[in-house]
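Residue-level structure breakdown
Spelled out from the first residue to the last, the chains are:
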Amino acid sequence: MKKTRAFLKWAGGKYGLIEDIQQQLPEGDLLIEPFVGAASVFLNTNYSRYLLTDINPDLINLYQILQRRPQQFICDAKHYFNQECNQSDYYYELRQRFNATSDEYQRSLMFLYLNRHGYNGLCRYNRSGGFNVPFGSYKRPYFPEAELEFFAVKAKQAEFRCCSYVDTFAQVKAGDIVYCDPPYAPLSPTASFTNYASKGFNLADQQRLGALALDAQQRGASVLISNHDLPLTRDIYQTSELSQLKVRRTISRKGQQRLKVAELLAYYQAHSLSN
């Protein structure tokens, strides 16, 4: 099966780990993703229905608009991908406009522009909720037209909601499949990346996610979680079936320091409710 790329650039995206995740996900009717991000798992699986949620309202707004008005969105978004728009001054002016407007359609267009033209595909907000990723200075940012079209077609099978992982788990029923790609546990106290959607994901959240997965398992759902392979995560997911991914992701830190970090998949196989 040919892999499909997401139309967004996304830190920690799962495109490179799709095969490992596909092998672990069981068959079922509904796949639920409480941290949908760039949606690589959605794009590369074949469930009948999807419930895709995220705490970032700009991300979910973009997905909902692409789902409802794909041709108009793709046509309008294309106007932002030319050399005139690929300038530092233009980028910062548009970023300012993005932060000032509440027009959902304009925000969706500008969010895609900022994602493809901003530094390293980061999605980062300040404490006031303002998008603050700097200009990326790319020679010719790619307009992902084919990827947008593929997403729009597949989105007919999906429902997108902006809500927390806790609220999403409250919707999980027996027989559902849940895949979780949370903000990863930090490798060191200084490595924590917590300003995605201007809300942090701390140690208590990591532990709560593990508890919610166990609860969902006991209610008859299957849950798969990916994270860094650390003593902390192995402790949190100790009741699950753990497997280390073959693929190792390189995490860059200061200067020339680079760490090879293994990733972990924690699988909570559904408990039978017939007993």
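Within an unreviewed UniProt entry, the label attached to the protein chain reads Site-specific DNA-methyltransferase (adenine-specific), and the organism entered is Agarivorans gilvus. Quoted straight from UniProt, the Sequence similarities (unreviewed entry) entry for the protein chain says "Belongs to the N(4)/N(6)-methyltransferase family."

Here's the deal with the pairing of strand S4 (residues 177-180)
Of the two faces of S4, the one holding Ile177 and Tyr179 and the one holding Val178 and Cys180 are both buried throughout. Bridge count between S4 and strand S5 (residues 222-228): four bridges; the pairing is parallel. What sits directly across from Ile177, in S5, is Ser222.

What about helix H4 (residues 70-78)?
Among the residues of H4, those classed as buried are Phe73, Ile74 and Ala77. What you see down the axis of H4 is that its buried residues fit within an arc of 95 degrees, all on one side. Where H4 is buried, its residues meet helix H3 (57-68), helix H6 (104-117) and helix H7 (145-154).

Some details on the nonpolar core
The biggest cluster of nonpolar side chains holds 59 residues, and the ones touching the most others in it are Tyr63, Phe73 and Phe151. Sorting elements by how many residues they give to this core places H6 first, with seven residues. Residues contacting Phe73, with those up to four places away along its chain left out, are Leu62, Ile65, Leu66, Tyr105, Ser108, Leu109, Leu112 and Leu148. In terms of nonpolar packing, the next biggest core, distinct from the first, is built from 22 residues, Ile32, Leu51, Ile236 and Tyr268 among them.

A few points about helix H5 (residues 88-100)
With 13 residues, H5 extends 19 Å between its outermost C-alpha atoms, agreeing within 8% with the 18 Å of an ideal straight helix rising 1.5 Å per residue. Against the buried residues of H5 lie H3 and H6.

Regarding the side chain of Gln206
Among the secondary structure elements, Gln206 is positioned in helix H9 (residues 203-218). Judged by its relative accessible area of 3%, Gln206 is buried. Non-local contacts of Gln206, meaning those with residues more than four positions away in its chain, are made with Pro183, Tyr184, Ala185, Phe201, Asn227, Ile236 and Tyr237.

With respect to the packing of H4 against H6
Close contact between H4 and H6 brings their axes to 10 Å; oriented N to C, the two are set at 55 degrees. Judged by the angle between their axes, H4 and H6 are oblique. Considering how the two elements wind past one another, H4 and H6 form a crossing that is right-handed. Between H4, through Gln72, Phe73, Asp76 and Ala77, and H6, the contact on the second element is made entirely by Tyr105, Ser108, Leu109 and Leu112. When grouped by side-chain class, the residues that make up the contact of H4 with H6 number five nonpolar, two polar and one charged.

Things to note about unusual backbone geometry
Phi is positive for Ala39, which is not a glycine, with a value near 70 degrees. As for its placement among the helices and strands, Ala39 is situated in the loop between strand S1 (30-33) and helix H2 (40-43). Under the relative-accessibility criterion, Ala39 is labelled buried at 1%. Backbone geometry places Ser137, a non-glycine residue, at a positive phi of 55 degrees. Relative to the assigned elements, Ser137 resides in the loop between H6 and H7. Taking relative accessible area as the criterion, Ser137 reaches 55% and is therefore assigned exposed.

Focus: the packing of aromatic side chains
Applying the stated criterion across every chain yields a total of 22 aromatic pairs. For the ring pair Tyr91 and Tyr113, a centre distance of 6.0 Å and an interplane angle of 40 degrees mean the geometry is tilted. In this pair, Tyr91 is assigned in helix H5 and Tyr113 in helix H6, connecting sequence segments 22 residues apart. With respect to class, Tyr91 is no different from Tyr113; both count as buried. Ring centres of Phe111 and Phe131 lie 6.5 Å apart, and the angle between their planes is 75 degrees; on these two criteria the pair is classed as edge-to-face. With Phe111 in helix H6 and Phe131 in the loop between H6 and H7, this residue pair connects regions lying 20 residues apart in the sequence. With respect to class, Phe111 is no different from Phe131; both count as buried.

Description of the environment of Asn227
For Asn227, the position within the fold is in strand S5. Exposure remark for Asn227: the relative accessible area of 0% places this residue in the buried category. Not counting residues up to four positions away in its chain, the partners in contact with Asn227 are Pro182, Tyr184, Ala185, Gln206, Thr233, Tyr237, Glu263 and Leu264. A polar side-chain atom of Asn227 sits 3.1 Å from a polar atom in the side chain of Gln206. Within polar-contact distance, the side chain of Asn227 engages the side chain of Tyr237 at 3.0 Å.

What counts as what
Residues numbered from 1 in each chain as written. Predicted model: local features only at pLDDT ≥ 70, side-chain atom pairs only at ≥ 80, totals over all residues. Heavy atoms only, no water. UniProt positions renumbered as here; feature names shortened; annotations may be inferred. Buried < 20%, exposed > 50% of the residue type's maximum accessible area, 1.4 Å probe, protein only. Helix = DSSP H or I, 4+ residues; strand = E, 2+ residues; numbered from the N terminus. Pairing = 2+ DSSP bridges. Arc of directions from axis to C-beta. Contact = heavy atoms within 4.5 Å. Core = buried A, V, L, I, M, F, W, Y, C linked by side-chain atoms within 4.5 Å. Expected span 1.5 Å × (residues − 1). Axes fitted to C-alpha atoms, helices over the stretch in contact; angles between N-to-C directions. Parallel < 35°, antiparallel > 145°, perpendicular 65-115°, else oblique. Left-handed = near helix turned anticlockwise from the far one by under 90°. Nonpolar A, V, L, I, M, F, W, Y, C, P; charged D, E, K, R; others polar. Phe/Tyr/Trp six-rings, centres within 6.5 Å; stacked < 30°, edge-to-face > 60°. Polar contact = N/O pair within 3.5 Å; in protein donor to acceptor, adjacent residues only side chain to side chain.

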